[in-house]
Amino acid sequence: MSRARIVGIVIVAVVGSGCVAIYSLLASVARDPFAAVYAENCAVCHGAELEGTPLGTPLAGRDLLYGDSADAIARSISDGFPATGMPAWSKTLDPGQIRGLALLISERRANYGRTDFKTDAPLAIPEGPLESEQHRFRLEPVARGLHPLPFSIAPLPDGRILLTEKTRGLSIVSTGGEQSELIQGTPPAHDDGVELLRLVFGRGWMMDVALHPDYEENGWVYLHFGDRCRDCAKSMNKLIRGRIEGGRWIDQQTIWQADASTYTRTPDMGAGGRISFDGEGHVFLSVGIKGRSNHDGIQDLGLPYGKVHRVHDDGRVPADNPFVGVPGALKSIWTYGHRSPQGLEFDRVTGRLWSTEMGPRGGDELNLLRPGRNYGWPLTSKGMDYDGTPVEYGKDLGIEFDLEDLEQPVLDLTPSPAVSSFIVYRGSRFPKWQDDLIAGSLKATELTRWVLEGEEVVHRETLLSGIARIRDVETGPDGAIYLLLEHASGGQIVRLVPD
Ligand code: HEC
């Protein structure tokens, strides 16, 4: 059977099962809409593989003369350099095509395969010491043979680690690296997703696990999960807390849940599902694209999707939340306009709330979350939808907006590494990484260090590259940095320690 035929069948199967949100992803997998534009207009001078010809310079494998960012590349294409033989394309190509070509070139430069999600690329965990700008470090194995789709780790004060696996549930990894049986009595995790492109699209997943800041006194463990409605295949984010005693989940309380009418058949993949505490009695939770499409309800303050919510750690809504007095708005909303918020971290030293968010093709972001602000999805994005459409859904949604009123990302991560979770490092083992953000990524399989000066990222360093999809990053009580890796052959936990 031909590949196109398989993709066609898969599309029918997926649409038939209600996952319309991923239709465009699949449709564009068969064909990159911008590869043809490149082949037709650019390859003659720059070569089919961007390698250059006597008529045009290479566009990969070297620093670009006029700037490497997707924005700079788009400017080069648009304005051209007529004096040196590069036509200005703004007259012949539309802005969407130019943006798409800039994405294609920046992806190939970064060596990010557009559809290679690295779910089964060889696991490459280096054994020897590794050099970085500030510290020599090693990777130590902590646990192997986990489910291929883990989501979150929470190191316990005694050195054990709480672990969630999306389709299984909650368990504990011992200091010797052995995984316990599933903790009994938590809400069920569901394992009936569809597998496509080696990614799994399911509903009813176990997502983040986090310890209350006073865990040692009160024993509260928080779980963020996709709650399935009874006898139906719909799900929606829900936050609960409970305690673990003798392998059982007890004392469960609901901290945040959405109205039953908001549950959908959209997969939990873009649901966000993270948790963070401010240490002053509040908990934040991220909810991503869980509406009927990846645009649905994100800009609507009456719906829970595409929002970061804030509640007291017992679930009460704080009286000083930004939309408490706004008729029709959900009172738990803290910020809105988010797409797929995969990382959320409140920095208790600076009082800043950071979030990482996956864009579509391009447009991954690091954001600084300020109460009541709009982060723009799906009105605008530096990325494009997978089918090549620019992100400007304001028109379809009938929303008028001023670009000035939307918060811009602190970091535009284009091309998309598929940024995942991160920490603000404050451990004892890596003194020169204090206060830095250390972030994982899935598709790019990288661990990156972002150095902050106030609210700006002033330096970036890639600490690890090409090891495996990094789903979660946490600091252990020992000051080591723990990474949760996703892989078809089994998930793993490894830790970075100084060499
Ligand atoms: C007729 C030949 C020709 C064609 C067709 C052409 N280019 Fe170029 N392009 C050049 C040359 C020559 C340069 C180098 C200009 C310079 O260095 O001053 C260049 C430079 C560039 C640069 C800037 C490189 C840098 O070092 O910063 C980009 C980006 C680029 N081209 C993209 C494209 C894209 C995309 C297309 C197709 C839409 C395209 N070019 C079509 C000849 C061409």
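Given the structure is predicted, the values throughout are model-derived calculations rather than measurements.

Cut-offs applied
- Residues numbered from 1 in each chain as written.
- Predicted model: local features only at pLDDT ≥ 70, side-chain atom pairs only at ≥ 80, totals over all residues.
- Heavy atoms only, no water.
- Helix = DSSP H or I, 4+ residues; strand = E, 2+ residues; numbered from the N terminus.
- Rg over C-alpha atoms; globule rule 2.2 N^0.38 Å.
- Buried < 20%, exposed > 50% of the residue type's maximum accessible area, 1.4 Å probe, protein only.
- Contact = heavy atoms within 4.5 Å.
- Lys, Arg positive; Asp, Glu negative; His and termini not counted.
- Charge placed at Lys NZ, Arg CZ, Asp CG, Glu CD.
- Disulfide = S-S within 2.5 Å.
- Pairing = 2+ DSSP bridges.
- Donors = N, O, S within 2.8 Å, 3.2 Å for Na, K, Ca; no water.
- Tetrahedral: all angles 85-135°; square planar, octahedral: opposite > 155°, others 65-115°.
- Phe/Tyr/Trp six-rings, centres within 6.5 Å; stacked < 30°, edge-to-face > 60°.
- Domains from an automatic or database assignment.
- Buried area = accessible area lost by both parts, 1.4 Å probe.
- Salt bridge = Lys/Arg side-chain N within 4 Å of Asp/Glu carboxyl O.
- Axes fitted to C-alpha atoms, helices over the stretch in contact; angles between N-to-C directions.
- Parallel < 35°, antiparallel > 145°, perpendicular 65-115°, else oblique.
- Left-handed = near helix turned anticlockwise from the far one by under 90°.
- Nonpolar A, V, L, I, M, F, W, Y, C, P; charged D, E, K, R; others polar.
- Near = heavy atom within 4 Å.
- Polar contact = N/O pair within 3.5 Å; in protein donor to acceptor, adjacent residues only side chain to side chain.

**Structural notes on the overall build of the protein chain**
In step 1: Looking only at helices and strands, the protein chain has eight helices and 25 strands in total.
In step 2: In terms of C-alpha radius of gyration, the protein chain reaches 23 Å, essentially the compact-globule figure of 23 Å for 499 residues.
In step 3: Reported as C-alpha extents along the three principal axes, the dimensions of the protein chain are approximately 70 × 55 × 55 Å.
In step 4: Taken across its 499 residues, the protein chain has 56% of its residues classed as buried.
In step 5: Look at the contacts in the protein chain between residues 6 or more apart in sequence, and 58% of them connect residues 24 or more apart.
In step 6: Computing the positive centroid from 51 side-chain charges and the negative centroid from 67, the protein chain places the two 4 Å apart.

**Structural notes on the state of the cysteines**
In step 1: Tallying each qualifying case throughout the model produces one disulfide.
In step 2: Between the sulfur atoms of Cys 229 and its disulfide partner Cys 232 the distance amounts to 1.7 Å.
In step 3: The exposure class assigned to Cys 229 is partly exposed, which follows from its relative accessible area of 23%.
In step 4: When its relative accessible area of 28% is taken as the criterion, Cys 232 is described as partly exposed.

**Some points on the pairing of strand E21 (residues 446–453)**
In step 1: Judged by how many residues are buried, E21 sits mostly within the fold: seven of eight residues are covered.
In step 2: Examined bridge by bridge, strand E20 (residues 437–441) and E21 share four bridges and lie antiparallel to one another. Each bridged residue has a counterpart across the sheet, and for Gly 440 the counterpart in E21 is Leu 447.
In step 3: Count of turn residues in the E20/E21 antiparallel hairpin: four residues, of which Thr 445 carries a positive phi of about 50°.
In step 4: Of the strand pairs in this sheet, E21 and strand E22 (residues 456–465) are connected by eight bridges, and their pairing is antiparallel. Note that in E22 the partner of Glu 446 across the bridge is Ser 465.
In step 5: Counted between consecutive antiparallel strands, the loop separating E21 from E22 contains two residues, among which Gly 454 sits at a positive phi close to 65°.

**Here's the deal with the coordination of the iron atom of the ligand**
Under ideal tetrahedral coordination, the four donors around a metal are separated by 109.5 degrees; under ideal octahedral coordination, the six donors are separated by 90 or 180 degrees.
In step 1: Distances from the iron atom of the ligand to its protein donors, His 46 (NE2) and Met 86 (SD), fall within 2.0 to 2.1 Å.
In step 2: For the iron atom of the ligand, the six donor atoms in the first shell make angles of 87 to 179° at the metal, a pattern classed as octahedral. Of this pair, His 46 sits in helix H4 (residues 43–46) while Met 86 sits in the loop between helix H5 (70–79) and helix H6 (95–110), and the two are 40 residues apart along the sequence. In this pair, the class of His 46 matches that of Met 86, namely buried.

**Remarks on the packing of aromatic side chains**
In step 1: The tally for this structure, following the rule as stated, stands at eight aromatic pairs.
In step 2: Here the aromatic rings of Tyr 66 and Phe 81 are separated by 3.7 Å at their centres, their planes lie at 20°, and the arrangement is stacked. One end of the pair, Tyr 66, is in the loop between H4 and H5; the other, Phe 81, is in the loop between H5 and H6, with 15 residues separating them in the sequence.
In step 3: Aromatic side chains Tyr 222 and Phe 277 sit 4.8 Å apart centroid to centroid with 85° between the ring planes, which places their arrangement in the edge-to-face category. Of this pair, Tyr 222 sits in strand E8 (residues 221–228) while Phe 277 sits in strand E11 (residues 272–277), and the two are 55 residues apart along the sequence.

**Side note on the domain arrangement of the protein chain**
In step 1: The domains assigned to the protein chain are domain 1 (33–110) and domain 2 (137–498).
In step 2: In this structure, domain 1 and domain 2 have C-alpha centres spaced 35 Å apart.
In step 3: With 12 residues of domain 1 at the interface, the matching set in domain 2 holds 10 residues.
In step 4: It is Arg 99, Leu 103 and Glu 107 in domain 1 that bury the most area against domain 2; as a group they hold 45% of the surface buried on that side.
In step 5: Our count for the contact surface shared by domain 1 and domain 2 stands at two salt bridges.
In step 6: Measuring nitrogen to oxygen at the nearest pair gives 2.9 Å for the salt bridge that ties Arg 361 to Glu 107.

**Side note on the packing of H5 against H6**
In step 1: At their nearest, the axes of H5 and H6 sit 8 Å apart, and the two run at 125° to each other. The angle between the axes of H5 and H6 places the two elements in the oblique class. H6 is crossed by H5, and the crossing has right-handed handedness. Counted together, Ala 70, Asp 71, Ile 73, Ala 74, Ile 77 and Ser 78 of H5 and Ile 98, Arg 99, Leu 101, Ala 102, Ile 105, Ser 106 and Arg 109 of H6 form the full contact between these two elements.
In step 2: Grouping the amino acids of the contact of H5 with H6 by side-chain chemistry returns eight nonpolar, two polar and three charged.

**Looking at the site of the ligand**
In step 1: The full set close to the ligand counts 24 residues, and Cys 42, Cys 45, His 46, Tyr 66 and Met 86 are the nearest of them.
In step 2: One nitrogen or oxygen atom from the side chain of His 46 is found 2.7 Å from a nitrogen atom belonging to the ligand.
In step 3: Interatomic distance of 3.0 Å between a side-chain N/O atom of Arg 62 and an oxygen atom of the ligand.
In step 4: Of all the secondary-structure elements, those providing two or more residues to the shell around the ligand are H4, H5 and H6.
In step 5: At three residues, H5 tops the list of elements feeding residues into the shell around the ligand.
In step 6: Across the shell around the ligand, the residue classes break down as 16 nonpolar, seven polar and one charged.

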